[in-house]
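Listed below are the residues making up each chain.
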Amino acid sequence: MDSLSTIASYYGSEDFDPAKDRLYEIAVPRLLDLFDRHHVRATFFISGKDFINNERTCFWIDKIIHKGHEIANHSFSHLARLSSRSNAVVEEEIAKNHQAIKDFFDVTCAGYRSPGYSISDDILRLLAKQGYLYDSSIFPTSISVLYKIYRKFTAYPKQGVSPTDMGPPLLFLSPREPYLLRNLKLPDGRPMAEIPVTTTRIGRLPFYFSFHLCLPEPVFRVMLGAIRADCINYVLHGTDILDFTKDRINDRFIARHTTIKIPLESKMKKLDIAMSSLSGRVNILSRDLSGEMLKTGIAAK
Ligand SMILES: [Zn+2]
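These notes cover the structure that comes with them. Source: prediction; values computed, not measured.

**Notes on the packing of helix α5 (residues 87-105) against helix α6 (residues 121-129)**
The N-to-C vectors of α5 and α6 enclose an angle of 45°; their axes lie 10 Å apart at closest approach. Between α5 and α6, the angle falls in the class oblique. Here α5 and α6 pass one another in a crossing that is right-handed. Counting all contacts with α5, which are made through N87, V90, E91 and I94, the residues of α6 involved are D122, I123, L126 and L127. Residue classes in the contact of α5 with α6 are distributed as five nonpolar, one polar and two charged.

**Considerations on the environment of I195**
The topology assignment puts I195 in the loop between β6 (191-194) and α8 (209-212). You can call I195 buried: it has 24 C-beta atoms within 10 Å. Ignoring sequence-local partners within four residues, the contact set of I195 consists of Y134, S136, P178, N233, S286, L289 and S290.

**Focus: helix α4 (residues 55-66)**
In a regular helix each residue adds 1.5 Å, so twelve residues correspond to 16 Å; α4 covers 16 Å between its end C-alpha atoms and thus fits that length. Within α4 the residues assigned to the buried category are T57, W60, I61 and I64. Burial along α4 is one-sided: seen end-on, the buried residues are contained in an arc of 105°. For α4, the exposed residues set more than 90 degrees away from the buried face come down to E55, D62 and H66. Its buried side turned inward, α4 meets α2 (23-37), β1 (43-46), α3 (48-51), β2 (70-73) and α5. A positive phi of about 90° marks G68, the residue just after α4.

Reading the values: the criteria
Residues numbered from 1 in each chain as written. Predicted model: local features only at pLDDT ≥ 70, side-chain atom pairs only at ≥ 80, totals over all residues. Axes fitted to C-alpha atoms, helices over the stretch in contact; angles between N-to-C directions. Helix = DSSP H or I, 4+ residues; strand = E, 2+ residues; numbered from the N terminus. Parallel < 35°, antiparallel > 145°, perpendicular 65-115°, else oblique. Left-handed = near helix turned anticlockwise from the far one by under 90°. Contact = placed C-beta atoms within 7 Å. Nonpolar A, V, L, I, M, F, W, Y, C, P; charged D, E, K, R; others polar. Buried ≥ 20, exposed ≤ 12 C-beta atoms within 10 Å, placed from the backbone. Expected span 1.5 Å × (residues − 1). Arc of directions from axis to C-beta.

This is how it looks when you write it as structure tokens:
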């Protein structure tokens, strides 16, 4: 759930004024209403830099918690290419955000997702050491390399290296379904769980809303109907539910974001289709799922 100023700085622009950032106040009411209508509970991955100096954002995070959704750790500063940073930087990013969420909202995070899915064995080890029940940063998609090239040359040509590194290329061969990382032990001796972003069984294409938004509706409906997975980790972003014109986002850099200019009506229509198709399968919070996996010792398939 990245604010617009976080997205802008992540892609190398410092032009977006954080004080004018209204992402949470625009997107959260729409998301809460959507989840209420479909009886879905979701996990919101948040960053300290988005809320520590923004009372309106704190107000909406309180609402998210009050509605029974899960809050999880998305690192404090949302740095690009976290997996290539030193262990000291990563440890600080995770621990500082963990503490900020505890201090501001009295929530102890059980889960983590790296900015841009930038994950590594070292980051997973640090999470286990800090007692995290699960990580949800592995995105086992066959198009990760193509996506990096697209980001580099099409969407943000001036930034050179794509900030969205999605971890080592071979991660796309990781299991598609949640599994226990048996070599990574929590302080109590249990293994940590991985809840990967869902991909299709054939071709390992991304199965998440930001990608679905780019597809024609008939193709999107076919993908929804064809997905075969015991557990679906369906990713949405706050920007997926903005209306660039009506919400008067009015920022040239944000205007380059891939799906930002699709009118809200068509985004909401697709979201309603996705939620009604998946709601029977996505109402278990990541925290509860990982806790259940640790109890039953569920293994990778
Ligand atoms: Zn993010």
